[in-house]
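Chain and residue survey
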Amino acid sequence: MLLALLALALMAAILAASLFARTIARRRADRSRRRRIPRAGPLSYDPGRERRAEQRARELLRSCVNEEEWAMYRDLGFMRVDGRQLPGGRRAAAVRPGAAGTHNKSEGPDARNGEPPYAYLIYPHKPILAYVPATAQLLSEYCVEFPDLTGGGATRLPASDDVLAKWMALTSDENRVIGRANMHLVGRQLDPARLRRDLWRLSEWERRRGTKGSVRIRRA
Amino acid sequence: MSSASAKGRRPARPETTLWHNRRASSPARCASPDTDTWRPLIKFLRMKPGHGEVLLTEGDRRVDAEEERLVAEFRRQLDEGMWAVVPVENPGSGRREAQMVRDYSDIPPEAERVIFFPRAAGG
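Residues numbered from 1 in each chain as written. Chains lettered and ligands numbered in written order. Predicted model: local features only at pLDDT ≥ 70, side-chain atom pairs only at ≥ 80, totals over all residues.

Regarding the pairing of strand β2 (residues 119–122) of chain A
All names here are of chain A. Note the cut-off: Whether two strands pair depends on DSSP finding at least two bridges between them. By definition, any uninterrupted DSSP run of H or I lasting at least four residues is a helix, any uninterrupted run of E lasting at least two residues is a strand, and each is numbered from the N terminus.
Across four bridges, strand β1 (residues 79–82) lies against β2 in antiparallel orientation. Bridging from a neighbouring strand, Asp82 pairs with Ala119 of β2. Looking at chain direction, β2 and strand β3 (residues 128–132) are connected through three bridges and run antiparallel. Counterpart to Leu121 in the pairing with β3 is Leu129.

This is the structure:
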């Protein structure tokens, strides 16, 4: 009887030992696998820093653009820049209708109304839209960006800096920036319905401010 | 240049000039320091991702050492592929616009700052 019990105990011990050894081997394998997998570093995106950068960018934008343009960007989220190229390669003067004591010196087809022959809408981190202010006809999208490749980290400017860069590029050297952009038909990245709504918002905004030359929206 | 030296404000400059620093034809040098529009102090700002704009350098264009530093920084930014733009005011309409500059001597004398930003690329 005692011999049988001893034999049973011995068999149980052997089975337990094998299970124990298998468990230890599995844990060792898991530990070595965890050591091979590199731990993810801390996140490089800092929301607080990005917010401060955007705030600084807005202040710089406000200090560079005209008061009307700043108010437009603040209230509507985009900015309009008049086109300056006239037929025949001529260049229009940088005059906006409604400005005190000025008149439009453009020789374009809408000189009497004081509207430029075409204009651009600038959105942050979105293509530039070209359109005809007199008829609200959407012309084309110009996809352009300003990647900063000198640093090792992020390449995208804050939203307001992107708008300011487009504004400076268009008002200083329109041909150059448009020549570098990828031109597409309207609808590739910008929603035409949203664009028409934005043009309507712009016209309402100008009407409330009492600015002349607001966009006449063509009724569908 | 000769008027400035004649007034005894600073010593005469050597005739040899660096190719990127055309002092002989620089509007800043041609303009008299006594004009109301000439602003000797200028700041160089650069747009940087994650930071907004950063101040690269600033200096007085009347001081030779500071102007050398400004010129060197201007060339360095252009060599890195930046565009340089000066916010100006249209004399006819009074509206603000921008003027792109490709050389230090192209900076208008009334400019208070030069903004550097990455050049445009097709998106």
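Quick word on the packing of helix α2 (residues 47–64) of chain A against helix α4 (residues 159–172) of chain A
Residues and elements named next belong to chain A. Note the cut-off: Lines fitted to the C-alpha atoms define the axes, with helices restricted to the stretch that makes contact. Angles between their N-to-C directions range from 0 to 180 degrees. When an angle is under 35 degrees it counts as roughly parallel; over 145 it counts as roughly antiparallel; between 65 and 115 it counts as roughly perpendicular; any other value is oblique. Contact criterion: two residues are in contact if their C-beta atoms, reconstructed from the backbone, are within 7 Å. Note that Gly is not counted as nonpolar here; it falls among the polar residues with everything else outside the nonpolar set of Ala, Val, Leu, Ile, Met, Phe, Trp, Tyr, Cys and Pro and the charged set of Asp, Glu, Lys and Arg.
Between α2 and α4, the shortest axis-to-axis distance is 7 Å and the interhelical angle comes to 30°. Relative to α4, α2 is oriented roughly parallel. Here Glu54, Ala57, Arg58, Leu60, Leu61 and Cys64 of α2 come into contact with α4, specifically with Ala159, Ser160, Asp161, Val163 and Leu164. When grouped by side-chain class, the residues that make up the contact of α2 with α4 number seven nonpolar, one polar and three charged.

Here's the deal with the pairing of strand β4 (residues 96–101) of chain B
Side-chain positions along a regular strand alternate between the two faces of the sheet. All names here are of chain B. Where strand β3 (residues 82–89) meets β4, six bridges bridge the pair, whose relative direction is antiparallel. Pairing of Val88 across the sheet is with Glu97, part of β4. Joining the antiparallel neighbours β3 and β4 is a turn of six residues, in which Gly94 adopts a positive phi near 80°.

Concerning the nonpolar core
Looking at soluble globular proteins, one finds that nonpolar side chains tend to be buried together. Defined as follows: Residues of type Ala, Val, Leu, Ile, Met, Phe, Trp, Tyr and Cys that are buried and joined through C-beta atoms within 7 Å form what is called a nonpolar core. Labels follow a simple rule on C-beta atoms placed from the backbone: if 20 or more others lie within 10 Å of a residue's own, it is buried; if 12 or fewer, it is exposed; otherwise it is partly exposed.
The biggest cluster of nonpolar side chains holds 56 residues, and the ones touching the most others in it are Ile122(A), Trp167(A) and Val114(B). Top contributing element to this core by residue count: α4(A), with eight residues.

Structural notes on the confidence of the model for chain A
Residue and element names in this part refer to chain A. Spelled out, the test is: The predictor reports its confidence for every residue as pLDDT, a score running from 0 up to 100.
Mean pLDDT over chain A works out to 83, with 78% of the residues at or above the 70 mark. In this model, residues 94–112 is a region of pLDDT below 50 whose contacts with residues beyond four sequence positions or in other chains number 41 contacts. Within the model, the stretch residues 213–220 combines pLDDT values under 50 with 21 contacts to residues more than four positions away or in other chains.

Section: the interface of chain A and chain B
Tallying the contact residues gives 41 residues for chain A and 25 residues for chain B. Of all elements in the fold, only α2, β4 (137–145), α4 and α5 (174–180) of chain A reach the threshold of two or more residues within the side of chain A that touches chain B. With seven residues, α2(A) is the single largest residue contributor to the side of chain A that touches chain B. Its residues placed into classes, the side of chain A that touches chain B shows 22 nonpolar, nine polar and ten charged. Both β4(A) and strand β6 (residues 121–122) of chain B contribute to a ladder of two bridges, which runs antiparallel. Paired with Glu145(A) across the strands is Ala121(B), a residue of β6(B).

Quick look at the packing of helix α3 (residues 67–76) of chain A against helix α6 (residues 192–209) of chain A
Residues and elements named next belong to chain A. Quick reminder of the rule: The crossing is said to be left-handed when, going from far helix to near helix, the turn is anticlockwise and less than a right angle, and right-handed when the turn is clockwise.
Axis separation between α3 and α6 bottoms out at 11 Å; the angle between their running directions is 125°. Overall, the two elements α3 and α6 adopt an arrangement that is oblique. In terms of crossing hand, the pair formed by α3 and α6 is right-handed. When α3 is examined against α6, the residues Met72, Asp75 and Leu76 are found in contact with a partner set consisting of Arg201, Leu202 and Trp205. Its residues placed into classes, the contact of α3 with α6 shows four nonpolar, no polar and two charged.

A look at the environment of Ile122(A)
Residue and element names in this part refer to chain A. Looking at the element boundaries, Ile122 is found in strand β2. Residue Ile122 is classed as buried on the basis of its 23 C-beta neighbours within 10 Å. For the pair Ile122 and Val163, spaced 41 residues apart in sequence, the C-alpha separation works out to 6.5 Å. When near neighbours in sequence (up to four residues on either side) are disregarded, Ile122 contacts Phe78, Met79, Val81, Ile128, Val163, Lys166 and Trp167.

Focus: unusual backbone geometry
All names here are of chain A. One non-glycine residue, His125, lies in positive phi territory at about 55°. Structurally, His125 can be placed in the loop between β2 and β3. The backbone of Ala136 sits at a positive phi, close to 60°, despite the residue not being glycine. Secondary-structure assignment places Ala136 in the loop between β3 and β4. For Ala136, a count of 17 C-beta atoms within 10 Å translates into the label partly exposed.

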